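The primary structure of each chain is shown beneath.
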Amino acid sequence: MVIEAERTDPFMVAGERIGSRLILGTGGAASLDSLERALVASGADLATVALRRVDPTARGSVLDVLTRAGVRCLPNTAGCRTSRDAVTTAQLARDAFETNWVKLEVIGDDRTLLPDAVELLDAAERLVDDGFVVLPYTNDDPVTARRLEEIGCAAVMPLGAPIGSGMGIRNPYNIAMIVEEAAVPVVLDAGVGTASDATLAMELGCDAVLVASAVTRAQNPELMAEAMRFAVEAGRRARLAGRIPRRRLALASTPDEGLPDLSEG
Amino acid sequence: MSACASVNGESVELIPGTTVADIVGTLTGGGRGVAVARNGEVVPRSEWGTTVVKAEDRIEVLTAAQGG
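Residues numbered from 1 in each chain as written. Chains lettered and ligands numbered in written order. Predicted model: local features only at pLDDT ≥ 70, side-chain atom pairs only at ≥ 80, totals over all residues. Heavy atoms only, no water.

### Comments concerning the pairing of strand β2 (residues 10-13) of chain B
Residues and elements named next belong to chain B. Test applied: Note on pairing: DSSP must find at least two bridges between two strands before they are called paired. Numbered from the N terminus, helices here are DSSP runs of H or I no shorter than four residues, and strands are runs of E no shorter than two.
As paired elements, strand β1 (residues 4-7) and β2 share four bridges and run antiparallel to each other. Opposite A5, over in β2, you have V12 as the bridge partner. Linking β1 to β2, which pair antiparallel, is a turn of two residues; within it N8 sits at a positive phi near 50 degrees.

### Looking at the sheet that holds strand β8 (residues 157-158) of chain A
Residues and elements named next belong to chain A. What counts here: Note on contacts: a residue pair is in contact if any heavy atoms of the two residues lie within 4.5 Å. Orientation is described by lines fitted to C-alpha atoms, with helices fitted over the stretch in contact, and by angles between N-to-C directions that extend from 0 to 180 degrees.
On the basis of which strands lie adjacent, the open sheet formed by three strands has the order β6-β7-β8 and parallel pairing. Two strands close off the open sheet at either side, each with one partner strand: β6 (101-104) and β8. Bridge count between β6 and strand β7 (residues 133-138): four bridges; the pairing is parallel. Within β7, the residue paired with K103 across the bridge is L135. Set on the sheet, helix α5 (residues 117-129) makes contact with β6 and β7; between it and β7 the angle comes to about 170 degrees.

### Describing the interface of chain A and chain B
Where interface size is quoted, it is often the accessible area lost as the parts come together. Selection rule: Note on terms: buried area is the combined drop in 1.4 Å-probe accessible area of two parts once they are placed together, counting the loss on both. Definition used for salt bridges: Asp or Glu carboxyl oxygen within 4 Å of a side-chain nitrogen of Lys or Arg.
Tallying the contact residues gives 32 residues for chain A and 25 residues for chain B. Carbon and sulfur atoms supply 54% of the area that chain A and chain B bury against each other, a total of about 2,200 Å² over both sides. Its largest share of buried area at the contact with chain B, chain A owes to A:R53, A:V54 and A:D95, together 31% of the area lost on that side. Our count for the chain A to chain B interface comes out at three salt bridges.

### Concerning the pattern of salt bridges
Residue and element names in this part refer to chain A. Counted under the stated rule, the structure contains 17 salt bridges over all chains. Here R21 and D9 are joined by a salt bridge, their closest N and O atoms 3.0 Å apart. Taken together, the positions of R21 in the loop between β2 (16-19) and β3 (22-25) and D9 in the loop between α1 (2-8) and β1 (11-13) put the pair twelve residues apart, joining distant regions of the chain. R68 is paired through a salt bridge with E36; the nearest N and O atoms lie 2.9 Å apart. Placement of R68 in helix α3 (residues 62-69) and of E36 in helix α2 (residues 32-42) is noted, with a sequence separation of 32 residues between them. One connected set of salt bridges, linked through shared partners, spans D9, R21 and R236.

### Points about the nonpolar core
All names here are of chain A. For clarity, the cut-off: Put simply, a nonpolar core is a bunch of buried Ala, Val, Leu, Ile, Met, Phe, Trp, Tyr and Cys residues held in one set by side-chain atoms that sit within 4.5 Å of each other. A simple rule labels every residue: compare its accessible area, found with a 1.4 Å probe on the protein chains alone, to the largest value its type can have, and call it buried under 20%, exposed over 50%, or partly exposed in between.
Among the nonpolar cores identified, the biggest contains 68 residues, and F97, L104, V209 and M228 are the most heavily contacted of them. Examining the composition of this core, we find that seven residues originate from one element, helix α4 (residues 83-97), more than from any other. Sequence-distant contacts of L104, that is, excluding residues within four places in its chain, are made with T77, A86, L120, A123, A124, L127, V134, L135, P136 and Y137. Among the nonpolar cores identified, the runner-up in size contains 15 residues, and V13, W101, A154 and A208 belong to it.

### Observations regarding the side chain of B:N8
Put simply, the test is: Any pair of N or O atoms that falls within 3.5 Å is considered a polar contact. Within protein, one atom must be able to donate a hydrogen and the other to accept it, and sequence-neighbouring residues count only if both atoms are side-chain atoms.
Mapped onto the secondary structure, B:N8 falls in the loop between β1 and β2. Its relative accessible area of 12% is what places B:N8 among the buried residues. There is a polar contact of 2.7 Å between the side chain of B:N8 and the backbone nitrogen of B:V61. Dropping the residues within four chain positions of it, B:N8 is found in contact with A:R53, A:V54, B:L27, B:I59, B:E60 and B:V61.

By themselves, these observations are geometric and do not establish any function.
Following this line, the structure appears as structure tokens:
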């Protein structure tokens, strides 16, 4: 059933078919082996990687894990604090991984790791001009999201809560507003702690969910990856199905018609 | 004293004529999934073989790592 949905209702970005609506961040896994099992269980077709100094003593590579799992690589600019660093990192990633796709991150605060909107918009503009397919990690601010779309970003990726916090979606109204306005895919990025958070994102109308820590740092990453896969799928179907309106009082689901008269006498 | 460059934050003695490709070769097996920056600018893969490393250059040899 899940596979069927991924085939008939695929996640598309920039005209390209991704497939699964769950994107996996590879950060935080205890080992490459643990990551590989989680990646396979997640059913993800796209996973993020970072760019760091070569470690000549390292055994195995996260790229090999992605290749074996048949998962496409989405380089990020994690750790960048200025537009300049983010643009250079994206260009380096393009050279290393032969992709012009980038998850653009420009962080403005060490404690919260919240995006720096000013640097982010500047970097997004430069990268779009340079031919990149830009997927920016952004605040849950509808105005910033609109600006990013106007610049030409291929998606917008608002946070639910700070990276790695597991606090879920702190402002579902803002996420819903971003979804209402956006003509590009909206990917809930950061904040997911457990499966219900991912479902809520999809119910709010997000096109996909990006999850890293919630899977890689779970006590059983493989099992949580599978849970996330079903959670995203459930939320997507619920969104498409159209939920009932909320009401303050009951609305009987059983009809009164044909109710027997069981009074005494 | 011979000229030195910084490679991934470590001081490395340069043999005259050392190219970016030479440095990549000593650090990695082939360079798949590798990118190089020199003094904060990308050195495209196609220029590794012809880019001679100069004294005081800051070379960063980068590859994929786990990251959200």
